[in-house]
Amino acid sequence: MRPKAALYFLMSVSCAIVLALFATTISAQAQSVSDFAGATYFEHVGLSPDGDHYSMVRFGQGGSSEARVYNRRTGRRVGGLTIPGGMDFTWVEWASNTTLLASVSTRFKVDGRKLHLPTARIFSYDIKERREPVILFDNEDRILRTNIQLNRVVDMLPADPDNIIMGAWRNGDFDLYYVNVENGQAARIAKGRQLTLAWFTDAGGQPSLRMDCVGKKCRKINLYRPEDGANPSDAKTDWRYLRSFEQNDSQDETFLKLQPIGPTGKADEFYVLDGRDELPRRSVRIFNVQTNEFVSTLYTDDTYDVSGILIDPKTRAYMGAQVWRDRIDNDLVDPELQEHMDELNKYFDGPWNVSLHEISEDRSAALVFASASNEPGAYYIYDFETRDTKRIVRVNRNLHNSIRTDTTVVSVPTRDGQQLTGYLTVPKQDANGKMVVLVHGGPEQRDVLDYDRDVQFLASRGYTVARVNFRGSSGYGRTFAQAGYRQWGGTMHTDVIDATVWFQKQHSIAPNETCIMGYSYGAYAALLAGAMQAQLYNCVIAGGGPTDLNQLLKDERKAYGSDSPQYAYWEKSIGERKTQRSELASISPVHLAKYYDDPILLVHGEYDRVVQPDHASQMESALLKAGQSVEYIELNGGHQYSTWSRKSDIIYLKKIEEFLAKHLPDNSTSSDEKVAP
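All of these numbers come straight from a predicted model, not from anything done at the bench. Numbers given for residues are sequential positions, taken from 1 along each chain in its written order. With pLDDT at 70 or above as the cut-off, local features in this predicted model cover only qualifying residues; side-chain atom pairs require 80 or more to be listed or tallied, and sums for whole chains, interfaces and linings still use all residues. The basis for every side-chain value is the complete set of heavy atoms in the structure, and neither hydrogens nor water enter the calculation.

## So, the overall build of the protein
When you go through the protein residue by residue, the secondary structure sums to 13 helices and 39 strands. With 677 residues in all, the protein has 59% of them scored as buried. Contacts were defined at the residue level, with two residues in contact if any of their heavy atoms lie within 4.5 Å. A sequence separation of at least 24 residues applies to 55% of the contacts in the protein between residues at least 6 apart. Note on areas: Shrake-Rupley with a 1.4 Å probe; residue coverage comes only from the protein chains shown. Summing over all exposed atoms, the protein offers an accessible surface of approximately 27800 Å²; the carbon and sulfur share of this is 46%. Secondary structure elements follow DSSP: runs of H or I no shorter than four residues count as helices, runs of E no shorter than two count as strands, and numbering proceeds from the N terminus. Throughout, exposure labels follow a simple rule: accessible area from a 1.4 Å probe, protein chains only, divided by the maximum for the residue type, with under 20% read as buried, over 50% as exposed, and the rest as partly exposed.

This is the structure:
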């Protein structure tokens, strides 16, 4: 649930947090670049266990952020926390009806050649007493000094409002601690090992599962439980080996192939998301740690992977599964609860995605998130008794009800007779008849019928946006994902080409009215298409993408080792560098510079550690040497724009806007916004 642990966090952070008791009104603005790029927005919305209060984090344009607490019935603000610029709330959750926990992190920073990695700590805030926030592990100075991200909560202990269970590194081992949220005092209850990866507790809050990496590369994971009759909360307890399984090698939204979610309420039983190779799709199952067997399968879909599980916070009972089809569906086991969910879907009446985020322990209220392809989304409180739905905050107020687009689901035929799911977004006004084919990253990720910032930004500038879930995308089961293995220049590529041709024919859009764009893997796909089928496009935009597959594999091997799960995945996905070097070179854009016939825009984060910036700079050099038209901008940040500063994000979007306006002239109004020096 939380990121892993490690370095020293300046104790002055505790003094920097102050109480904030005022509200801020954000005025609506026109659709500008800054509306899309890091404008004031809200995240980490939560509901107290009794449903009486809700909380949210406001991220401001000036770099500061604050956690706010409101009374659910009156809507009146009753308190909160403010932190200075240079820090962020990474999550905020309720430990009890009156105690709010906030994970506060410093930001990624570069000082000359020195990188400052984010460090995180948890602060406890009593909304009733409004005392100065307490830092957890306050009595463990050694742990505070030696853990970078000390914010991994293992169990919120719903039945114990004063304590939680956390993991922390001590003397090189990842141990388990009982932590008092009132005074920050911590006591060790279970001792891990140097290679311990995660802990899980049973319904009574007792340590019951431990995961250890097998070797430093952690390609496999061993699962352990306490010995029979042993006290699991005794640090000297021996733990018995249960089974081994591999890390998830698909690089998608789940970290483990067998992912424990939480205890079922029955002794020795856990809910798990099971995505192991022997199953066709990720499913919800029950695993017994005593017998080392799967008891039952609670939910599996005929086509799609399960994306999440809904668990009752009080009883620990299974409530249902969440599945991303084109939209998200909440398939619930309680008929009465499903009736309420169906009513919520009717309330929003249209192609909205409605998700149950939290339900109060007494089932009086639920926190709901609703978004759509042209709406960033908002959080709502649903009252089970009155069946009223009340909006509490929009994620991005500046874009509410201002995006005029239609997105439809289409079936895209391929040359070998397959049908792929695609999405077409069309501006309702100021459409210029030009199209951008936008390829998703991963490659084991997928597009869905929901809000996508880049899609809506492009459509707001008049462009039709076409997307396709090519073979190799995630979400459609193992066979579909594996159909993309070692097909970077094969099936995955031809699926994108087939989709381009189909969209062009269906909507009478000429190649000279089409640009292809992508980020990460999508950038690679855009560059390969621009070289191999230059006649289909008039320009190429590639951000953060690999341009030399042999170099990418070399980088992964150097960073993680030849026996690491990361390197094993990329060899499985791309190919073997030892035996396929020439084949990989033949589908590497850096070696195809002479084949381009279109202008190219390259974008890369200066501190990208996923795909090294050398990929972009070497691509630029190859293109210039071949006499091609290329522009390259390097931005202050990492691999994704979520790691960039707001200024960098504005530069990114402005450059795309200017590049497309030049090569696919746009009739809609362009932003005249300037970037501050």
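## Side note on the side chain of Asn163
Counting through the fold element by element, Asn163 comes out in strand β14 (residues 163–170). Owing to a relative accessible area of 12%, Asn163 belongs among the buried residues under this scheme. Separated by 3.0 Å, the side chains of Asn163 and Asp160 make a polar contact. Those residues in contact with Asn163 that sit more than four places away from it in its chain are Met156, Leu157, Tyr178, Val179, Asn180 and Val181. Polar contacts, as counted here, are pairs of nitrogen or oxygen atoms within 3.5 Å of one another; within protein the pair requires one atom able to donate a hydrogen and one able to accept it, and residues that are adjacent in sequence qualify only if both atoms are side-chain atoms.

## Things to note about the pairing of strand β16 (residues 186–190)
The pairing of strand β15 (residues 173–180) with β16 spans four bridges and is classified as antiparallel. Within the sheet, the bridge partner assigned to Leu176 lies in β16 and is Ala190. Two strands form a pair only when DSSP identifies at least two bridges running between them. A loop of five residues connects β15 with β16, the two strands running antiparallel in sequence, and Gly184 in this loop sits at a positive phi of about 80 degrees.

## Digging into the environment of Asp138
With respect to the helices and strands, the residue Asp138 is situated in the loop between β11 (134–135) and α3 (141–146). Distance in space between the C-alpha atoms of Asp138 and Asn180 is 9.9 Å, their sequence separation being 42 residues. Discounting residues that sit within four places of it in the chain, Asp138 has contacts with Leu144, Asn183, Gly184 and Gln185.

## A few points about helix α11 (residues 577–586)
Inspection of α11 places Arg577, Gln580 and Leu584 among the buried residues, and these make up the whole buried set. When α11 is viewed along its axis, its buried side chains cluster within an angular range of 100 degrees and face the same direction. What points out from α11, more than 90 degrees from its buried face, is the exposed set Thr579 and Ser582. Each direction from the helix axis to a C-beta atom contributes to the arc, which is the arc of those directions.

## Side note on the nonpolar core
Here the nonpolar core consists of buried residues drawn from Ala, Val, Leu, Ile, Met, Phe, Trp, Tyr and Cys, with membership extended through side-chain atoms lying within 4.5 Å. Counting residues in each nonpolar core, the largest one holds 69 residues, and the members touching the most others are Trp488, Phe503, Ile516 and Leu602. The leading source of residues in this core is helix α8 (residues 521–532), at nine residues. Grouped together as the second largest cluster of nonpolar side chains are 36 residues, Ala67, Phe89, Val179 and Val181 included.

## A short note on the sheet that holds strand β28 (residues 352–359)
The four strands are arranged β28-β29-β30-β31 in an open sheet whose pairing can be described as antiparallel. Across the chains shown, the open sheet's two edge strands, defined by having one partner strand only, are β28 and β31 (389–394). Going across the sheet, the axis of each strand differs from the next one's by a mean of 30 degrees, ignoring polarity. Where strand β29 (residues 365–372) meets strand β30 (residues 375–383), seven bridges bridge the pair, whose relative direction is antiparallel. Residue pairing across strands places Leu367 opposite Ile381, the latter belonging to β30. Here the axes come from fitting lines to C-alpha atoms, over the contacting stretch only for helices, and the angles between their N-to-C directions go from 0 to 180 degrees. The sheet contacts of helix α4 (residues 335–348) involve β28, β29, β30 and β31, and relative to β28 the element is tilted by about 140 degrees.

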